[in-house]
Structure formats: C-alpha cells, structure tokens
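As a plain string of letters, each chain reads:
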Amino acid sequence: MSVHKNVKKVTTHTLQEMKNAGEKISMLTGYDFSMARIIDEAGIDIILVGDSASNVMAGHETTLPITLDQMIYHASSVVRAVNRALVVVDMPFGSYQGNSKEALSSAIKIMKESGGHSVKMEGGIEIIESIKRILTAGIPVMGHLGLTPQSIYKFGTYVVRAKEEGEAHQLIEDAKALEAAGCFAIVLEKIPAQLAELVAKTVSIPIIGIGAGNGVDGQVLVVHDMLGINNEFSPRFLRKYNNLYEQMMGSFQAYIKDVKSGDFPNEKEQY
Ligand code: KIV
C-alpha cells in the first residue's frame, strides 16, 4: 500500500485521539531520506529522528557524541521525505541540560533548520523547567523516561530500569510531571511491563514503549534493529522483521563476484 501526497497528516492531536480511541500508535526511527520515505509510505504514525543515529549511522558506542548540527542534518533529510508521519527530533546530549534558555535556543534551532514537527528530551522533574520553556514557544515536546541512554555513564549499564520500588515510584511521578507540564507523549524505555501499563493508565497522554511490554499506547523500535541490519544486537524486546544483514551481504558478495568475473555489466547493461 502506498500513501499519497494529500494524506491526512499525523499531528500531536491525532495521537491523543488514537489513545482515547484505544488505537495503537506505531513509531520507528529514521535518519535519512530514502529510508524515511519507505517508512512514511508504509503508513507509520511517528518517525523519530533518534540520537541513536550516533550509534547506527556514525558508529559511536553511545549517543553522547552526536551534535545539534548533526541531528539537524539527519532530521532535515527525514523531513524532506515525509508526507504523513509526525517527525519527532531528539535533542542531543548537551543541548538542553545546562539551562532552560539554552534548551529553548537548541529546540528553536532544530525546528527552524530541520523543519521537524516536535522534539524529544530525556529526563523527568530535573529538566521540567527546560521543557516548560520550550512548550511556551509552541514547540511540542515528547518526554523519555526509564532507560535514558544519554545518562548511560550514570547508570553504568543498559539493563532494565525501575525494577525497584523507589525508582518505579519516581518514574510515575516524573510521568505525571511531564503530563502536567504539557508534553504530548512519553517514551518509556526498558522498564517492567506492569509498571509501563500502570503509567499508561495513570496519565492521559500517549505512552510509547520500547522494551516496556504491550500495555502501553504504542511501540517504537530502532529501524536498523527491526530490519536485522546489525546481526550482533538481539535484546529480548526486539522483534526482527527481516535479516537485512544476510540479504545485504549476499547482494554485495554477488556484485563483487560479477565484477571480478567480468559478468557485470553485460551487453544490455551498457550503451
Ligand atoms: O534515539 C532513539 O532511537 C530513541 C529510541 C530508542 C526511543 O530514543
């Protein structure tokens, strides 16, 4: 199925209506024009220009090194491809934690230079002032709680978060604070399914899970992971819809063989 140009665009309002109607929200990451075009035409609701670009596009071990300008480069490539989906752009590490004025100018730069439709920020009550200031400028904000990869050096590990009561309680309080501040949705990453379901029932804004079970309002995956491009990454929460590593490897090897043997190009493939 292909989605035509005059489709009804997904907005933050659409997402709220979907939650209210019990319709699940689909979200995938995207970082470049060609992939984003296919994802959008497939009918996805949200494309997240994730700072996971730092890992899957640039090969860094963490999401910390990616810069504001690099995020804007990825986001503007995605925006040029998209007709229907809501485009959410991650605010990179260091672009909003310092103070709320700096956070606002980073968010404005993203919106002006990429054409994205909203931003995502990791954290709860500790960044609420920055979230509020960005919202005051009319920029929609998606929250991100649970495993927040920009804090990996504080956590020390990528294991499941909020298994203990204290952290679970804090996460619920953070989700309430994000809703009260005016966030339009929250990503919950790698937390127990029961806790995620409780959060989705406690707050009225959409909750999008990754490794957070099925009791939430929608799901997000990193597109390279669900396509099986990285064959070394197989966490329990990941469902692989393809094995592109093997398929791409096969194609590249066949091409190399054809070039070496002189089989490519043949008479029909030349002028
Ligand atoms: O950067 C990213 O890809 C994300 C998702 C894991 C939600 O934040």
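Residues numbered from 1 in each chain as written. Predicted model: local features only at pLDDT ≥ 70, side-chain atom pairs only at ≥ 80, totals over all residues. Heavy atoms only, no water.

Draft legend 1. Local environment of the domain arrangement of the chain. Split into domains, the chain comes out as domain 1 (12-240) and domain 2 (244-271). Look at where the C-alpha atoms of domain 1 and domain 2 centre, and you get two points 39 Å apart. (Domains from an automatic or database assignment.)

Draft legend 2. How the structure looks around unusual backbone geometry. Omega for the bond connecting Phe-264 with Pro-265 falls within 30 degrees of zero, at -5 degrees, which places this linkage in the cis form. Note that Pro-265 resides in the segment after helix 11 (244-261). Backbone geometry at Ala-162 places phi at a positive 60 degrees, although glycine is not the residue there. Counting through the fold element by element, Ala-162 comes out in the loop between helix 7 (152-155) and helix 8 (165-181). (Helix = DSSP H or I, 4+ residues; strand = E, 2+ residues; numbered from the N terminus.)

Draft legend 3. Focus on the sheet that holds strand 2 (residues 46-49). The parallel closed barrel is built from 8 strands, whose spatial order is 1-2-3-4-5-6-7-8. Each strand of the sheet is rotated relative to its neighbour by a mean of 25 degrees, with strand direction disregarded. Note that strand 1 (residues 25-29) and strand 8 (residues 218-221) share 4 bridges and pair parallel. Bridge assignment links Ile-25 to a residue of strand 8, and that residue is Gly-218. (Pairing = 2+ DSSP bridges. Axes fitted to C-alpha atoms, helices over the stretch in contact; angles between N-to-C directions.)

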